[in-house]
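# Per-entry structural report
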Amino acid sequence: MHVKKGDTVVVLSGKHKGQTGKVLLALPRDQKVVVEGVNLVTKHVKPSAANPQGGVEKREGALHASKVSIVDPETGKATRIRKQIVDGKKVRVAVASGKVID
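These figures come from a predicted structure and were not determined experimentally. (Residues numbered from 1 in each chain as written. Predicted model: local features only at pLDDT ≥ 70, side-chain atom pairs only at ≥ 80, totals over all residues. Heavy atoms only, no water.)

A count of helices and strands for the protein gives 0 helices and 10 strands. Across the protein, helices and strands are ordered from the amino to the carboxyl terminus as β-β-β-β-β-β-β-β-β-β. The C-alpha radius of gyration of the protein comes to 16 Å, more than 25% above the 13 Å expected for a compact globule of 102 residues. With the C-alpha coordinates aligned to their principal axes, the bounding extent of the protein is approximately 55 × 30 × 20 Å. Within the protein, the proportion of its 102 residues that are buried is 27%. In the structure as shown, the protein presents an accessible area of about 6900 Å², 50% of it carried by carbon and sulfur atoms. Of note, the protein has its 20 positive side-chain charges centred 6 Å away from the centre of its 9 negative side-chain charges. (Helix = DSSP H or I, 4+ residues; strand = E, 2+ residues; numbered from the N terminus. Rg over C-alpha atoms; globule rule 2.2 N^0.38 Å. Buried < 20%, exposed > 50% of the residue type's maximum accessible area, 1.4 Å probe, protein only. Areas by Shrake-Rupley, 256 points an atom, 1.4 Å probe, with all protein chains shown as cover. Lys, Arg positive; Asp, Glu negative; His and termini not counted. Charge placed at Lys NZ, Arg CZ, Asp CG, Glu CD.)

The next subject is the environment of Lys 77. If you trace the backbone, Lys 77 turns up in the loop between β7 (68-71) and β8 (78-79). On the basis of relative accessibility, which here comes to 60%, the residue Lys 77 falls in the exposed class. Discounting residues that sit within four places of it in the chain, Lys 77 has contacts with Ile 70, Val 71 and Asp 72. (Contact = heavy atoms within 4.5 Å.)

The strand order across the open sheet formed by 6 strands is β6-β3-β2-β1-β7-β8, and the pairing between neighbours is antiparallel. At either margin of the open sheet sits one strand with a lone partner, and together these are β6 (62-64) and β8. Alignment of strand β2 (residues 20-27) against strand β3 (residues 32-35), held across 4 bridges, turns out to be antiparallel. Bridge pairing in β3 links Ala 26 to Val 33. (Pairing = 2+ DSSP bridges.)

Moving on, we get to the nonpolar core. Soluble globular proteins tend to pack their nonpolar side chains together in the buried interior. Counting 11 residues, the largest nonpolar core consists of Val 3, Val 9, Val 11, Val 23, Val 33, Val 35, Val 38, Leu 63, Val 68, Ile 70 and Ile 81. Of all the elements in the fold, those that place two or more residues in this core are β1 (8-11), β3 and β7. In this view, Val 38 contacts Val 11, His 16, Gln 19, Thr 20, Glu 60, Gly 61 and Leu 63; residues no more than four positions away in its chain are not counted. (Core = buried A, V, L, I, M, F, W, Y, C linked by side-chain atoms within 4.5 Å.)

So, on to the pattern of salt bridges. Side-chain pairs of opposite charge can arise where the charged atoms are in close proximity. Applying the stated criterion across every chain, the model contains 3 salt bridges. The partner of Arg 92 in a salt bridge is Asp 7, and the shortest N-O contact between them spans 2.8 Å. Taken together, the positions of Arg 92 in strand β10 (residues 89-94) and Asp 7 in the segment before β1 put the pair 85 residues apart, joining distant regions of the chain. In terms of burial, Arg 92 and Asp 7 fall into one category: buried. With a closest N to O distance of 2.4 Å, Glu 57 and Arg 59 form a salt bridge. (Salt bridge = Lys/Arg side-chain N within 4 Å of Asp/Glu carboxyl O.)

Functional significance is not addressed by these values, which are geometric in nature.
Encoded structure:
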């Protein structure tokens, strides 16, 4: 997958188009990501030891990974990535600016 946990991404399509946030969870098997503050869904939770009250809470839902793109560290806009070998290590590089992402 082109995104990892901790990346800052921008949503490219759907009702949350244009929103940015940090990837909280990457699910490579399902090709989905959970982005902070994006795609908030209402979840009804039962009372438990950790949450004795229970009730209704808002939490982030998963988005398909193809709907998000990594934010370029130089320009702050969405960019594609390519993988290159730098100093014998495979790294992700922003196509727009050529900066190493990780």
